[in-house]
Amino acid sequence: MERTHTSLRRGWTTGSCATAAARAAWNGLCGGEFPDPVTITLPGGQSVAFALAAHGHEGDGAWAAVVKDAGDDPDVTHGAHVRVDVRRGPPGSGVVFQAGDGVGTVTLPGLPIPPGEPAINPVPRHMIRTALRDVAGREPDVVVTVSIAGGRAMARHTLNGRLGIIGGLSILGTTGIVVPFSCAAWIDSIHRGVDVARALDLPHVAGCTGDVSERATRALYGLPEEAMLEMGDFAGGLLKYLRRHPVGRVTIGGGVAKMTKLAQGFLDLHSRRGQADMTRLADLARDIAAPDAVVAAIAQAHSVAAAFALAQQAGFPLGPAVARGAWACARDVLAGCDCMLDVLLFDRAGLLVARYGPSLV
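Scoring rules and cut-offs
- Residues numbered from 1 in each chain as written.
- Predicted model: local features only at pLDDT ≥ 70, side-chain atom pairs only at ≥ 80, totals over all residues.
- Heavy atoms only, no water.
- Helix = DSSP H or I, 4+ residues; strand = E, 2+ residues; numbered from the N terminus.
- Buried < 20%, exposed > 50% of the residue type's maximum accessible area, 1.4 Å probe, protein only.
- Contact = heavy atoms within 4.5 Å.
- Salt bridge = Lys/Arg side-chain N within 4 Å of Asp/Glu carboxyl O.
- Pairing = 2+ DSSP bridges.
- pLDDT = per-residue confidence, 0-100.
- Axes fitted to C-alpha atoms, helices over the stretch in contact; angles between N-to-C directions.
- Parallel < 35°, antiparallel > 145°, perpendicular 65-115°, else oblique.
- Left-handed = near helix turned anticlockwise from the far one by under 90°.
- Phe/Tyr/Trp six-rings, centres within 6.5 Å; stacked < 30°, edge-to-face > 60°.
- Lys NZ or Arg CZ within 6 Å of the ring centre and 35° of its normal.

## Examining the side chain of Asp 195
Then, number 1: Summarising the element assignment, Asp 195 is placed in helix H4 (residues 184-199).
Then, number 2: According to the relative accessible area criterion, Asp 195 is buried, its value standing at 14%.
Then, number 3: Beyond its immediate sequence surroundings of up to four residues, Asp 195 is in contact with Gly 110 and Tyr 241.

What follows is the structure, encoded as structure tokens:
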């Protein structure tokens with residue numbers, strides 16, 4: 001298995017696993033033998049071999065399964081059994097995809113696959129078609145059913161439900177390779193959430209840093225679930241996509257610590273990307289006329305939350321100034337976009353600390 005420059009082991013997408021299983025199953029149906037390992041070609045041209053976990057014939061079809069190895073990425077589908085069943089289809093039908101147990105079905109517009117179709121993304125579909133064509137010498141008439149054992153339960157830990165994908169997981173992958181901690185799948189889910197919201201013509205969406213801020217934001221504005229974009233730490237990933245694919249109004253909501261980082265120019269709000277600058281936060285307190293003793297205490301505070309508490313106790317709340325700063329940073333990223341923008345700050349209990357936006361002042 002390939003390793004990155006940080007020595008983290010790369011893995012394989014569900015699309016790669018399904019392609020390998022499909023090729024082995026089709027070979028087994030056509031010739032009676034299941035190649036093990038089975039070799040496929042990734043979109044980038046690399047040839048990769050997969051061991052089969054199991055295989056067999058069933059009725060007039062054949063099937064094979066591959067265990068997904070996500071490498072060192074904390075992927076919810078690591079270790080999942082990806083099974084593909086194949087059977088011959090009517091002449092002229094081409095390759096027809098079906099969702100088996102644990103694979104979802106698309107129910108909302110805006111995704112790259114239309115409603116009613118199994119949640120098998122375009123690149124994995126192309127990979128599977130290519131693999132079957134390599135065996136048959138032409139595109140065969142075949143029904144391909146992809147299943148993932150336990151996929152319905154795994155899907156509860158993904159954004160699929162919010163994207164209108166019901167019944168299980170999506171078969172994903174654009175390169176066929178999982179890069180550890182790249183967070184590409186999360187950012188892609190944010191983008192697909194924007195696509196769904198636009199397709200539904202929703203006038204207002206919200207991106208929040210966590211569950212507490214999301215629940216509070218949704219309750220404040222009465223937004224439908226499809227309008228809630230699970231932004232997490234990826235403020236930049238959401239805002240840059242909205243700049244190219246605007247909606248009428250966007251709300252950014254989060255806790256005081258992450259919104260302070262946004263106010264200080266961070267677009268990736270994860271702690272590993274850096275910590276909020278307490279000296280700058282102290283300067284903000286000075287700007288709102290906090291006494292020197294309070295400013296000094298904030299500069300030495302061990303956390304943003306502690307700094308906010310100190311300022312609040314002294315009667316010089318930081319929330320409004322931080323909200324304005326976070327709004328200004330987000331507005332800069334959205335430059336040239338017609339989105340109306342507002343920012344909400346919440347405490348750990350979900351109580352509104354501050355809000356800012358032209359429509360609110």
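## Here we look at the environment of Gly 79
Then, number 1: Along the chain, Gly 79 falls in the loop between strand E5 (61-67) and strand E6 (81-88).
Then, number 2: On the basis of relative accessibility, which here comes to 37%, the residue Gly 79 falls in the partly exposed class.
Then, number 3: With 13 residues separating them in the primary sequence, Gly 79 and Val 66 have C-alpha atoms 9.3 Å apart.
Then, number 4: When sequence neighbours within four positions are dropped, the list of residues in contact with Gly 79 reads Val 67 and Lys 68.

## Quick notes on the pattern of salt bridges
Then, number 1: Counting across every chain of the model gives 13 salt bridges.
Then, number 2: The salt bridge partner of Glu 117 is Arg 125, with a shortest N-O separation of 3.1 Å.
Then, number 3: Overlapping salt bridges bring together Arg 162, Glu 214, Glu 225 and Glu 230 as one network.

## Examining the environment of Gln 300
Then, number 1: You can see Gln 300 is positioned in helix H9 (residues 292-300).
Then, number 2: Linking Gln 300 and Met 278, residues 22 residues apart in sequence, is a C-alpha distance of 7.2 Å.

## Considerations on the sheet that holds strand E14 (residues 204-208)
Then, number 1: Across the sheet, five strands lie side by side as E15-E14-E16-E17-E18; this open sheet has mixed pairing. Looking along the sheet, the strands with just one partner apiece sit at the ends: strand E15 (228-229) and strand E18 (352-356).
Then, number 2: Bridging between E14 and E15 involves two bridges; their strand directions are parallel. Across the sheet, the residue bridging to Ala 206 is Met 228, located in E15.

## Structural notes on the confidence of the model for the chain
Then, number 1: Mean pLDDT over the chain works out to 91, with 95% of the residues at or above the 70 mark.
Then, number 2: This model gives residues 1-6 a pLDDT under 50, and the stretch forms 15 contacts once residues within four places in sequence are excluded.

## Thoughts on the packing of H4 against helix H6 (residues 235-244)
Then, number 1: Where H4 contacts H6, the two axes come as close as 9 Å, and the packing angle between them is 40 degrees. Here H6 runs oblique to H4, going by the angle between their axes. Regarding H4 and H6, the two cross each other, and that crossing is right-handed. Together, Ile 187, Ile 190, His 191, Arg 192, Val 194 and Asp 195 of H4 and Gly 237, Leu 238, Tyr 241 and Leu 242 of H6 make up the contact between the two elements.

## Regarding the packing of aromatic side chains
Remark: the centre distance and the inter-plane angle together describe each pair of aromatic rings, the angle taken between the planes.
Then, number 1: Tallied over the entire structure, the rule returns three aromatic pairs.
Then, number 2: Across the ring face of Trp 63, the terminal group of Arg 83 is positioned such that the distance to the ring centre comes to 4.0 Å.
Then, number 3: The ring of Tyr 221 has Arg 249 sitting right over it, with the charged end atom 4.9 Å from the ring centre.

## Some details on the pairing of strand E17 (residues 340-346)
Each regular strand shows side chains that alternate between the opposite faces of the sheet.
Then, number 1: Burial runs high along E17: six of the seven residues are buried.
Then, number 2: Relative to E17, strand E16 (residues 249-255) is paired through seven bridges, and the arrangement is parallel. The partner of Val 250 across the bridge, within E17, is Leu 341.
Then, number 3: Judged from the four bridges that link them, E17 and E18 form a sheet pairing that is antiparallel. Within the sheet, the bridge partner assigned to Val 343 lies in E18 and is Tyr 356.
Then, number 4: The loop that links E17 with its antiparallel partner E18 comprises five residues; one of these, Gly 350, has a positive phi angle of about 90 degrees.

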